[in-house]
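What the coordinates show
Residues per chain, in single letters:
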Amino acid sequence: MMTTAQKELIKATVPILREHGVALTTHFYSRMFKHNPELKNVFNMGNQGNGKQQLSLALAVLAYAEHIEDPSVLVSAVTKIGHKHVSLDIRPEHYAIVGQHLLASIKEVLGEGATDELIAAWAAAYQQLADLMTGLEKSLYSEAATKEGGWTGWRPFIVKQKVKESEEITSFYLYPSDGGKVADFLPGQYISVRLFLPELNLIQPRQYSLSSAPNGSYYRISVKRESGAGDEPDGMISNRLHDAVQEGDVLEVAPPAGDFTLDTAKQTPVVFISGGVGQTPLLSMLEYLASTESNREIVWVHGCRNRRVHAFNEPITTLEARHGRLQKHIFYDSLDEDMAVEGYYEGVVELDRLKEQALLQDADYYVCGPAPFIRKQFEDLAAMGVSREAIHYEEFGPANLVLS
């Protein structure tokens, strides 16, 4: 239990964390990987290289320090992190290693400012957080293991089908190599896949949304080939999946996780809004509603560059024709000359162009795509009178986006 004096010491470091948080977390990761290089097989080294992971941790540490009096207000963020940790097979023993290097980094970065009292306060704060996280993750591991077809850790899956969905997106149909069932999941969840990268001499994990409805037999992921631009390198795992992984190959898979999920108990309308490959978790939600013959009113809004990179357009068009309460609206950066038809629009996704077609009474809005896309849709929905509680969003990669 932290003392009042210790909490005050933590709060006093907030200005330092605001100004130098990324420097601290950058030093922390460098130190940890030097002393515990085996953890490079656990962390996404792509996000280490582009600085996203350092920023994400810095924001998390800052938020924790700012709310040290009542960490319960961070329950949503903690839950999201817990799901990510379970998908990466993070175990309690890892927290001891992280804590050791975090406290050492505080000492080394702050120098004389890192008094014994301050280090003791941060040790107590970290232990409080570690206890909270390991308790949450224990529950998630137990839930994953006790489901029919469930497991924890990594399980080998065979790629039985590899299907090109567009110029950039390919689907992989994954079946357990042991011939058993796969655990059901909530529409919108993801799995972690890991494989060996010869160029790094490391095993690397990545999270990919499940893009189909639960079926008990297989998981489908639909992966965009990430081509680097500017200072951004090509996606290491996505390119290897596209170029090297073939039907019959084996991938290691962690059980489904994630808290960006469809509320399947509701019967009210849903509006799905996606940008690019951000449609994948929403596609799982849509397929679930179709497979359960739901009568919910559904609006599908999707934006991408053009129809050559647009995946799953034909299946959704077919579904729209069959489902009496589904309407779709597609935005392309540029329309081909033969595409001047109803339901297609030129430009980025602009919800105010749809007006009442996208604003449904009592609807929930599910938004997924790049961070700028999510922010724009969130702000546009809010400006149109949609309540914050009705907007649900998922940012791919380290979660640095907080909207309110």
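A few points on the structure.

Conventions used here
Residues numbered from 1 in each chain as written. Predicted model: local features only at pLDDT ≥ 70, side-chain atom pairs only at ≥ 80, totals over all residues. Heavy atoms only, no water. Phe/Tyr/Trp six-rings, centres within 6.5 Å; stacked < 30°, edge-to-face > 60°. Helix = DSSP H or I, 4+ residues; strand = E, 2+ residues; numbered from the N terminus. Buried < 20%, exposed > 50% of the residue type's maximum accessible area, 1.4 Å probe, protein only. Lys NZ or Arg CZ within 6 Å of the ring centre and 35° of its normal. Salt bridge = Lys/Arg side-chain N within 4 Å of Asp/Glu carboxyl O. Contact = heavy atoms within 4.5 Å.

**Things to note about the packing of aromatic side chains**
Enumeration according to the criterion identifies 16 aromatic pairs in this entry. Geometrically, the ring pair formed by Phe 157 and Tyr 219 is stacked, given 5.7 Å between the ring centres and 20 degrees between the ring planes. With Phe 157 in strand S1 (residues 155–164) and Tyr 219 in strand S5 (residues 219–224), this pair connects stretches of sequence that are 62 residues apart. Take Phe 157: its relative accessible area is 0%, and that puts it in the buried class. A centroid spacing of 5.9 Å and a plane angle of 70 degrees characterise the contact between Phe 185 and Tyr 219, whose relative ring orientation is edge-to-face. Residue Phe 185 is located in the loop between strand S2 (169–176) and strand S3 (190–197), and its partner Tyr 219 is located in strand S5; the two are separated by 34 residues in the primary sequence. Look at Tyr 219 and you get buried, because its relative accessible area is 0%. Grouped by ring-pair contacts, the aromatic residues Phe 28, Tyr 29, Phe 33 and Phe 43 constitute a single cluster. Cation over ring: Lys 160 sits above Tyr 175, and NZ or CZ is 4.8 Å from the ring centre.

**Quick word on the pattern of salt bridges**
Summed over all chains, the structure comprises 17 salt bridges. Ionic pairing is found between Asp 89 and Arg 91, a salt bridge with its closest N-O pair at 2.7 Å. Of the charged contacts, one joins Glu 252 and Arg 194 as a salt bridge, the two residues approaching to 2.8 Å between their closest N and O atoms. Of this pair, Glu 252 sits in strand S6 (residues 250–253) while Arg 194 sits in strand S3, and the two are 58 residues apart along the sequence. A relative accessible area of 30% places Glu 252 in the partly exposed class. Here the residues in one salt-bridge network are Glu 8, Lys 11 and Glu 69, joined through shared partners.

**With respect to the environment of Glu 66**
Relative to the elements of secondary structure, Glu 66 occurs in helix H4 (residues 52–66). The class for Glu 66 is partly exposed, based on a relative accessible area of 34%. In sequence terms Glu 66 and Glu 112 are 46 residues apart; their C-alpha atoms lie 23 Å from each other. Setting aside residues no more than four positions away along its own chain, Glu 66 makes contact with Val 14 and Arg 18.

Bear in mind that shape data such as this cannot, by itself, settle questions of function.
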